[in-house]
Amino acid sequence: MNFVFDLYGTLIDIHTDESNVIFRAAVQKYFKRLNPRLGDFWAEFAGLCALAETGEEFCEIDLFAVFKKLMGGADDKTVLKAATYFRKKSRLKLKVYGGVKGLLKELRSRGAGVYLVSNAQTCFTVEELKKLKLTRYFNGVVISSDFGKKKPSVEIFQYALQKFKLDPRETVYIGNEIAADVCGAKAAGMRTAYIKSNLSPADDSLAAAEKQADFATDNFNKLSRFLLTECGEWKKD
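Every value quoted in this text rests on a predicted model; they were computed, and no experiment measured them.

A. Main features of the overall build of the protein chain. Scanning the protein chain from terminus to terminus reveals 11 helices and eight strands. Relative to a compact globule of 237 residues, whose C-alpha radius of gyration would be 18 Å, the protein chain shows 19 Å and is just as compact. Across its three principal axes, the protein chain shows a C-alpha extent of roughly 65 × 35 × 35 Å. A total of 237 residues make up the protein chain; the buried ones form 49% of that total. Look at the contacts in the protein chain between residues 6 or more apart in sequence, and 67% of them connect residues 24 or more apart. Carbon and sulfur atoms make up 51% of the accessible area of the protein chain, which totals about 11,600 Å². Charge-centre separation for the protein chain: the mean point of 37 positive side chains lies 7 Å from the mean point of 30 negative side chains.

B. Region of the structure containing the pairing of strand β6 (residues 171–175). Within β6, five of the five residues are buried, leaving the element largely enclosed by the surrounding structure. Neither face of β6 is open: one carries Thr-171, Tyr-173 and Gly-175, the other Val-172 and Ile-174, and all of them are buried. Note that strand β1 (residues 2–5) and β6 share four bridges and pair parallel. Across the sheet, residue Phe-3 finds its bridge partner in β6, namely Val-172. Strand direction decides the pairing type here: β6 and strand β7 (residues 191–195), joined by four bridges, are parallel.

C. Representation of the packing of aromatic side chains. The tally for this structure, following the rule as stated, stands at 20 aromatic pairs. Ring geometry for Phe-31 and Phe-41: centres 4.6 Å apart, planes at 35 degrees, overall tilted. Pair noted here: Phe-31 is in helix α1 (residues 21–34) and Phe-41 is in helix α2 (residues 41–52), with a separation of 10 residues, a long-range link. Seen from their ring centres, Phe-157 and Tyr-173 are 5.1 Å apart, and the 85 degrees between their planes marks the pair as edge-to-face. Residue Phe-157 is located in helix α8 (residues 154–163), and its partner Tyr-173 is located in strand β6; the two are separated by 16 residues in the primary sequence. Judged on exposure class, the residue Phe-157 and its partner Tyr-173 are both buried. By the ring-pair criterion, three or more aromatic residues cluster together here, those being Phe-23, Tyr-30, Phe-31, Phe-41, Trp-42, Phe-45, Phe-67, Tyr-85, Phe-86 and Phe-124. Taking the ring centre of Trp-42 as reference, the NZ or CZ of Arg-24 above it sits at 4.0 Å. Over the aromatic face of Tyr-8 sits the side chain of Arg-87, whose NZ or CZ is 5.6 Å from the ring centroid.

D. Local environment of the nonpolar core. By size, the foremost hydrophobic cluster in this structure holds 34 residues, and its most contacted members are Phe-3, Phe-5, Leu-134 and Leu-227. Counting residues per element, the ones that place at least two in this core are β1, β2 (12–16), α5 (100–109), β4 (113–118), β6, β7 and α11 (220–229). Looking at which element gives the most residues to this core, the answer is α11, with five residues. Listed in part, the 24 residues of the second largest apolar core include Val-27, Ile-61, Met-71 and Ala-83.

E. Seen up close, the pattern of salt bridges. The tally for this structure, following the rule as stated, stands at 10 salt bridges. The salt bridge partner of Asp-6 is Lys-151, with a shortest N-O separation of 2.8 Å. Remark: Lys-151 occurs in the loop between α7 (144–147) and α8 and Asp-6 occurs in the loop between β1 and β2; sequence separation between them is 145 residues. Accessibility classification places Asp-6 together with Lys-151 in one group, the buried group. One salt bridge in this structure joins Arg-87 and Glu-128, with 2.7 Å as the shortest N-O distance. In this pair, Arg-87 is assigned in helix α4 (residues 76–90) and Glu-128 in helix α6 (residues 122–131), connecting sequence segments 41 residues apart. Residue classification places Arg-87 among the buried positions, given a relative accessible area of 11%. Assessed through its relative accessible area of 0%, Glu-128 is described here as buried. One continuous salt-bridge network, built from bridges that share partners, spans Arg-87, Arg-91, Glu-127 and Glu-128.

About the cut-offs
Residues numbered from 1 in each chain as written. Predicted model: local features only at pLDDT ≥ 70, side-chain atom pairs only at ≥ 80, totals over all residues. Heavy atoms only, no water. Helix = DSSP H or I, 4+ residues; strand = E, 2+ residues; numbered from the N terminus. Rg over C-alpha atoms; globule rule 2.2 N^0.38 Å. Buried < 20%, exposed > 50% of the residue type's maximum accessible area, 1.4 Å probe, protein only. Contact = heavy atoms within 4.5 Å. Areas by Shrake-Rupley, 256 points an atom, 1.4 Å probe, with all protein chains shown as cover. Lys, Arg positive; Asp, Glu negative; His and termini not counted. Charge placed at Lys NZ, Arg CZ, Asp CG, Glu CD. Pairing = 2+ DSSP bridges. Phe/Tyr/Trp six-rings, centres within 6.5 Å; stacked < 30°, edge-to-face > 60°. Lys NZ or Arg CZ within 6 Å of the ring centre and 35° of its normal. Core = buried A, V, L, I, M, F, W, Y, C linked by side-chain atoms within 4.5 Å. Salt bridge = Lys/Arg side-chain N within 4 Å of Asp/Glu carboxyl O.

This is the structure we're talking about:
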């Protein structure tokens, strides 16, 4: 049995604020020091992000490429360090939800495949997975900034299934958004489980999720029990 998780709002609780004036001033100063020819960081950042948009539905740009251009083509190590600085300065909260590590550890101990498919930026997320000591639990990871499209695009789910050689009929996708996670994964033929969290869209309701997903709850302990006792190969015997 395979379990594919969303990250932010499902496994990780996070809050960032890129509108904060202190943050914006610090970022302007940091990038200006690295690239003295840079003018208004925020104006150029917004312009490059807009240029990176392809116009395709569910397009996901790669901010690493944007940062690299802002830094005048600096080496990748320097660019990654700058991207990490940007993210850390904007971050007000980052923690693993209660029960997450126990669930992931138990799934792995039972021989299940555990994967991650997230709408995120690789230049931010890899560091955050390491910081929270979550990397070890995943057999494989797909991040939308690498793929170029984000959930609910069915293509990103299909890509993960093909990349990791997973049978969608033996795979459950777990996320905290009805449209992006439940509907997207269902379109790819996967089973779905929904967890309503503090980061779920405001218009997501548990009643609506129960109609769409194979399982829906607002309690992580109930989600864990479902995944461990009601939807695995260990129940078929």
